[in-house]
Amino acid sequence: MGARREEARWTRATLGHEGPPLDLLTARFDQHRYAPHAHDEFTIGVCVGGSEIIDYRGGRIHTGPGSIVVLAPGEMHTGGPAASDGYAYRALYAEPSLLTEGILGSLPHFRDPVLDDPELAAALRTAHADLSACPDPLEAESRLPWLLAALARRHSTARPACDTVPGAAPIAHAVRDRLADELQAPPSLASLATDLGLSRYQLLRAFRTTMGIPPYAWLAQYRVNRARALLESGLRPAEVAPLVGFADQAHLTRWFRRVLGVTPAAYRTSVSPTAYRNSVQDS
């Protein structure tokens, strides 16, 4: 008999600089069964392997790979494996207000707790994985509220708020300029939205519509461009990362490879005469 796989890892993301926390859970269980319990937050999970049985609202629901599960705040539920091969999932625990940003009225209601939306499931899973590995505050605030708004707009009984944001381009350019000016400790999107008289959802909508990418992705590319100049001057990646606002060298490397296809160290060696001479002398 193989070893039991009972694993659970929690990560706490922060929604913006000094913003509220949001917990992320990555779990894989062969036998573990949760006792009946409830959460103050919405529980939003994506099944990534196996199948789970959840007792909820007087019934029993089943999950499978790719399904999204939404459990409302205060609702008692249990969870356990549906078969001997266990189950694996990623979950986030969202304050109820986070699901109201893109809709009209009060808290959204989800008639069906198990949702079939492959596109949204994939986006939630990818964001969860990225932020569990590196919970960058601006990235968390750019991605998670946007996805939670999409969840409520697509699948709850609430009416979606209007998507049109008048003056989207000036709004996006104002946000862009603030992020560039404060790249080492960027302001939260919530505070920027308040300054502009908008909701955070409206700010994200205006920025995405105008720039084609969310704020964290724009700032990451801007940081990479700033990092290039510093690497060309001979600074090492570990020195450059904090100067341009990345959490550490690994965070810099992740984005440098995404944008330019090479590591910062390889780029530095190829473009910096000093670094090239040092690498030759060290070889």
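Now for a quick tour of the structure. Remember, it's a predicted structure, so these values are computed and weren't measured experimentally.

What follows deals with a nonpolar patch on the surface. Among the surface-exposed residues, V259, L260 and V262 lie close enough to one another that they form a single nonpolar patch of about 170 Å² accessible area. Note that L260 resides in helix 8 (residues 249–260). Overall, the relative accessible area of 31% leaves L260 in the partly exposed class.

Before going further, it helps to examine the packing of aromatic side chains. How two aromatic rings sit relative to each other is given by the distance of their centres and the angle of their planes. On inspection of all chains with the given rule, the structure shows nine aromatic pairs. Judged by centre distance (6.0 Å) and plane angle (70°), the rings of Y216 and W255 are edge-to-face. Placement of the pair is Y216 in helix 6 (residues 215–232) and W255 in helix 8, with a sequence separation of 39 residues. We classify W255 as buried; its relative accessible area is 7%. Here the aromatic cluster, defined as three or more aromatic residues joined through ring pairs, consists of F29, Y34, Y87 and Y89. Above the ring of F246, the side-chain terminus of R223 is found at 5.5 Å from the ring centroid. It is R258 that lies over the ring of W255; its NZ or CZ is 4.7 Å from the centre.

Interaxial distance between helix 4 (residues 189–196) and helix 5 (residues 200–211) falls to 8 Å at its minimum, and their mutual angle equals 90°. One way to sum up the angle between helix 4 and helix 5 is to call them roughly perpendicular. Packed against helix 4, whose contacting residues are L189, A190, L192, A193 and L196, the element helix 5 presents R200, L203 and L204 at the interface. Residues belonging to the contact of helix 4 with helix 5 are distributed by class as follows: seven nonpolar, no polar and one charged.

About the criteria used
- Numbers given for residues are sequential positions, taken from 1 along each chain in its written order.
- pLDDT decides what is reported in this predicted model: residues at 70 or higher carry local features, side-chain atom pairs at 80 or more are listed and counted, and totals for whole chains, interfaces and linings draw on all residues regardless.
- To obtain the side-chain values, all non-hydrogen atoms of the structure were included, while hydrogens and water were left out.
- Within the patch definition used here, like charges are joined within 9 Å and nonpolar side chains (Val, Leu, Ile, Met, Phe, Trp, Tyr) within 5 Å, considering only residues with over 30% relative accessible area and no salt bridge.
- Here the accessible surface of atoms and residues is derived via Shrake-Rupley with a 1.4 Å probe, and residues count as covered only by protein chains that are part of the display.
- We count a salt bridge whenever a side-chain nitrogen from Lys or Arg sits within 4 Å of a carboxyl oxygen from Asp or Glu.
- A run of DSSP states H or I qualifies as a helix once it reaches four residues; a run of E qualifies as a strand once it reaches two. Both are numbered from the N-terminal end.
- Burial classes: relative accessible area under 20% of the type maximum marks a residue as buried, over 50% as exposed, and values in between as partly exposed (1.4 Å probe, protein chains only).
- Between the rings of Phe, Tyr and Trp (Trp by its six-membered ring), a pair exists once the centres lie within 6.5 Å; its type follows the angle of the planes, with under 30 degrees stacked, over 60 edge-to-face, and the other angles tilted.
- As a reminder, the over-ring test applies to NZ of lysine and CZ of arginine, requiring each to be within 6 Å of the ring centre and within 35 degrees of the ring normal.
- Angles run from 0 to 180 degrees between N-to-C directions of axes, and those axes are lines fitted to C-alpha atoms, restricted for helices to the stretch in contact.
- Between 65 and 115 degrees an angle is taken as roughly perpendicular, under 35 as roughly parallel, over 145 as roughly antiparallel, and anywhere else as oblique.
- The criterion used for residue contact is that any of the two residues' heavy atoms lie within 4.5 Å.
- Each residue gets one of three labels, nonpolar for Ala, Val, Leu, Ile, Met, Phe, Trp, Tyr, Cys and Pro, charged for Asp, Glu, Lys and Arg, and polar for the others, Gly among them.

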